[in-house]
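Read off the chains here:
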Amino acid sequence: MSEKLPFFDEEVLYEVIVSTVDDTKQPNAAPMGVRYSNGQLILQPYLTSTTYQNLLTNKEAVINVTTSPELFVKAALFQEEFNAEDFLTSLVSSAPFLKACAHSFIVVRVSSFSIDDLKARFLCEIVRVDLSEFRPRLYTRAFSSLIEILIHATRVLAFQRDKDKESEVSRLLELIDYHQKIIGRVTSKNSMYQILMRKINSKINQVRV
Ligand SMILES: Cc1cc2nc3c(=O)[nH]c(=O)nc-3n(C[C@H](O)[C@H](O)[C@H](O)COP(=O)(O)O)c2cc1C
C-alpha cells in the first residue's frame, strides 16, 4: 500500500499512541513519534521500552491517531489505568487498537529494523488505514506544551534512579516548569489542561521524593 496517507505530510515527525501486544497477548499503549516516508511509517522506540520488545517479538502495531490530551497523559504516565476493555482487536492484526480511537488508526507491520545507539528504527508497512473519524482539534498552545511536558516527564521517570543524570533531570524539570507557565497563561484553573497538569505534577513529585 503506497497511496498518500490522509493528514500526514512526508518526513514530519507526528506524535501518536502506538499499541502493541506481548507474547502473552497483554496489550500496551505508549506515545511515540512516527514519521511517514516513502509509503512507510517509521517508529523509533527506545530499547528499554515495552513497545520495542513487543515490536521485536510480534512485528505488529497500531498507530492510534488522536489529539486527546487525556489519552496522551494516560498512555505516557498512567498506563496502569488502561484495562482490557480499553482495547479492541481488528481482523487484520494481533495488535489491538484503542477503543477511543476506533476509526482513527493505522495498522502496521514491521518490514525491517535496525538499532542506532539507544533507539531502534522500525520501518513499517501500512496494512490498513481507517482515519474516517479522526477529528483534529482547534490549535491551542496548551496542547503543544502538554506534549512537551509529557516527553520531558517520561524522561524524568526513566532517569529517576540514575545518579549521573541528575543535572539532566534538573534541566527537564525547568522545561516542564516553563511549559506549565504557558498552560497557566492560556487556560484557566478548572480547564482540562490544568486538571491534567496537577495529576502529572503529583506523579512527578511522588517519584522525586
Ligand atoms: C509525545 C511523546 C512522544 C514520545 N515519543 C517516543 C518515541 O518516539 N520513542 C520512544 O521510545 N519513546 C517516546 N516517548 C516516551 C514513551 O512514550 C515512554 O517512555 C513510555 O513510557 C514508553 O512506554 P512503553 O515502555 O510501554 O513502550 C514519547 C512520549 C511522548 C509523551
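Our subject is the structure listed above.
Every chain is numbered on its own, with residues counted from 1 as its sequence reads. Per-residue local features of the predicted model are confined to residues with pLDDT of at least 70, and side-chain atom pairs are confined, for both listing and counting, to 80 or more; whole-chain, interface and lining totals are unaffected and use all residues. For side-chain calculations, the full set of non-hydrogen atoms in the structure is used, while hydrogens and water are omitted.

1. Side note on the overall build of the chain
For step 1, the next point in the chain: Tallying secondary structure elements over the chain gives 5 helices and 8 strands in all.
For step 2, the next point in the chain: Start at the N end of the chain and walk to the C end: the helices and strands fall as β-β-β-α-β-α-β-β-β-β-α-α-α.
For step 3, the next point in the chain: Each radius of gyration is computed over the set of C-alpha atoms, and the globule rule expresses the reference value as 2.2 Å times the number of residues to the power 0.38. Relative to a compact globule of 209 residues, whose C-alpha radius of gyration would be 17 Å, the chain shows 17 Å and is just as compact.
For step 4, the next point in the chain: Summarising its shape, the C-alpha atoms of the chain cover approximately 45 × 40 × 35 Å along the three principal directions.
For step 5, the next point in the chain: Burial status follows relative accessibility: with a 1.4 Å probe on protein chains alone, a residue under 20% of its type maximum counts as buried, one over 50% as exposed, and anything between as partly exposed. Residues counted as buried form 44% of the 209 residues belonging to the chain.
For step 6, the next point in the chain: Here, residues are in contact when the closest pair of their heavy atoms is within 4.5 Å. For the chain, long-range pairs separated by at least 24 residues make up 66% of all intrachain contacts whose partners lie at least 6 apart in sequence.
For step 7, the next point in the chain: When the accessible surface of the chain is totalled, it reaches about 11300 Å², and 51% of it is carbon and sulfur. Each helix is a run of DSSP H or I of at least 4 residues and each strand a run of E of at least 2, with the numbering of both proceeding from the N terminus. Where accessible areas are quoted, they stem from the Shrake-Rupley method and a 1.4 Å probe; at the residue level, only the protein chains shown are allowed to cover.

2. Let's talk about the site of the ligand
For step 1, the next point in the chain: Taken together, 17 residues surround the ligand, and among them Asn-28, Pro-31, Tyr-46, Thr-50 and Thr-51 come closest.
For step 2, the next point in the chain: A distance of 2.7 Å is found between an oxygen atom of the ligand and a backbone nitrogen or oxygen belonging to Pro-31.
For step 3, the next point in the chain: Interatomic distance of 2.9 Å between a side-chain N/O atom of Gln-79 and an oxygen atom of the ligand.
For step 4, the next point in the chain: When isolated, the ligand has an accessible area of 640 Å², and the protein chains bury 87% of it.
For step 5, the next point in the chain: The pocket occupied by the ligand, as judged from atoms lying within 2 Å of grid points, is the largest pocket.
For step 6, the next point in the chain: Only strand 2 (27–37), helix 1 (50–58) and helix 3 (141–159) provide two or more residues apiece to the shell around the ligand.
For step 7, the next point in the chain: A total of 5 residues in the shell around the ligand trace back to one element, the largest contributor, which is strand 2.
For step 8, the next point in the chain: Partitioned by chemical class, the residues of the shell around the ligand number 8 nonpolar, 8 polar and 1 charged.
For step 9, the next point in the chain: These domain limits were set by an automatic method or by a database of domain assignments. Counting contributing residues per domain, the shell around the ligand is built from domain 1 (13–130) and domain 2 (141–208), each supplying no fewer than three. Each residue is tested against the molecule or strand, and it is near if at least one of its non-hydrogen atoms lies within 4 Å. Polar contacts here mean pairs of N or O atoms no more than 3.5 Å apart (in protein, one a potential hydrogen donor and the other a potential acceptor; neighbouring residues in sequence count only if both atoms are side-chain atoms). Cavity and pocket criteria rest on a 1 Å grid covering protein atoms alone: a 1.4 Å probe that fits but cannot get out defines a cavity, protein on both sides within 12 Å along at least 5 of 7 lines defines an open pocket, and an atom within 4 Å of a point defines a lining residue. Cavity and pocket membership follows a simple rule, namely that a molecule belongs there if more than half of its atoms are within 2 Å of the grid points. Gly falls in the polar group here, along with every residue not listed as nonpolar (Ala, Val, Leu, Ile, Met, Phe, Trp, Tyr, Cys, Pro) or charged (Asp, Glu, Lys, Arg).

3. Quick word on the packing of helix 4 (residues 166–186) against helix 5 (residues 192–208)
For step 1, the next point in the chain: Only the stretch in contact is used when a helix axis is fitted, and all axes are lines through C-alpha atoms; the angle between N-to-C directions ranges over 0 to 180 degrees. Orientation of helix 4 relative to helix 5, taken along the N-to-C sense of each, is 160°, at an axis distance of 11 Å. Taken together, the axes of helix 4 and helix 5 lie roughly antiparallel to each other. In this structure, helix 4 meets helix 5 at a crossing whose hand is left-handed. From helix 4, Val-169, Leu-173, Ile-176, Gln-180, Ile-183 and Gly-184 reach across to helix 5, where they touch Tyr-193, Gln-194, Met-197, Asn-201, Ile-204 and Arg-208.
For step 2, the next point in the chain: Class assignment of the residues belonging to the contact of helix 4 with helix 5 gives a composition of 7 nonpolar, 4 polar and 1 charged. Here the word oblique covers every angle except those under 35 degrees (roughly parallel), over 145 (roughly antiparallel) and from 65 to 115 (roughly perpendicular). Crossing handedness follows the turn of the near helix against the far one: under a right angle anticlockwise gives a left-handed crossing, and clockwise gives a right-handed one.

4. A closer look at the pattern of salt bridges
For step 1, the next point in the chain: A pairing counts as a salt bridge when a side-chain nitrogen of Lys or Arg comes within 4 Å of a carboxyl oxygen of Asp or Glu. What the rule picks out here adds up to 7 salt bridges.
For step 2, the next point in the chain: A salt bridge links Asp-86 to Lys-74, with the nearest nitrogen and oxygen atoms 3.8 Å apart. Of this pair, Asp-86 sits in the loop between helix 2 (69–77) and strand 5 (87–89) while Lys-74 sits in helix 2, and the two are 12 residues apart along the sequence.
For step 3, the next point in the chain: With a relative accessible area of 22%, Asp-86 lands in the partly exposed category.
For step 4, the next point in the chain: Asp-162 serves as the salt-bridge partner of Lys-165, at 3.9 Å between the closest nitrogen and oxygen.
For step 5, the next point in the chain: In this structure Lys-165 comes out as partly exposed when scored by relative accessible area, which is 29%.

5. Focus on the pairing of strand 2
For step 1, the next point in the chain: With 9 bridges connecting them, strand 1 (residues 13–21) and strand 2 associate as antiparallel partners. If you follow Leu-13 over to strand 2, its bridge partner there is Arg-35.
For step 2, the next point in the chain: When DSSP locates at least two bridges between a pair of strands, those strands are taken to pair. Between the end of strand 1 and the start of strand 2, which pair antiparallel, lie 5 residues, with Lys-25 showing a positive phi angle near 75°.
For step 3, the next point in the chain: Bridge count for strand 2 against strand 3 (residues 40–43) is 4 bridges, and the pairing is antiparallel. Of the residues in strand 3, the one forming a bridge with Ser-37 is Gln-40.
For step 4, the next point in the chain: Where strand 2 folds back onto strand 3 in an antiparallel hairpin, the turn is made up of 2 residues, including Asn-38, whose phi is positive at roughly 50°.

6. So, a nonpolar patch on the surface
For step 1, the next point in the chain: Together, Leu-47, Phe-113 and Ile-115 make up a nonpolar patch on the protein surface, roughly 250 Å² of accessible area in all.
For step 2, the next point in the chain: The exposure class of Leu-47 is partly exposed, given its relative accessible area of 30%. For patch detection, residues must exceed 30% relative accessible area and be free of salt bridges, and they are connected within 9 Å for like charges or within 5 Å for nonpolar side chains (Val, Leu, Ile, Met, Phe, Trp, Tyr).

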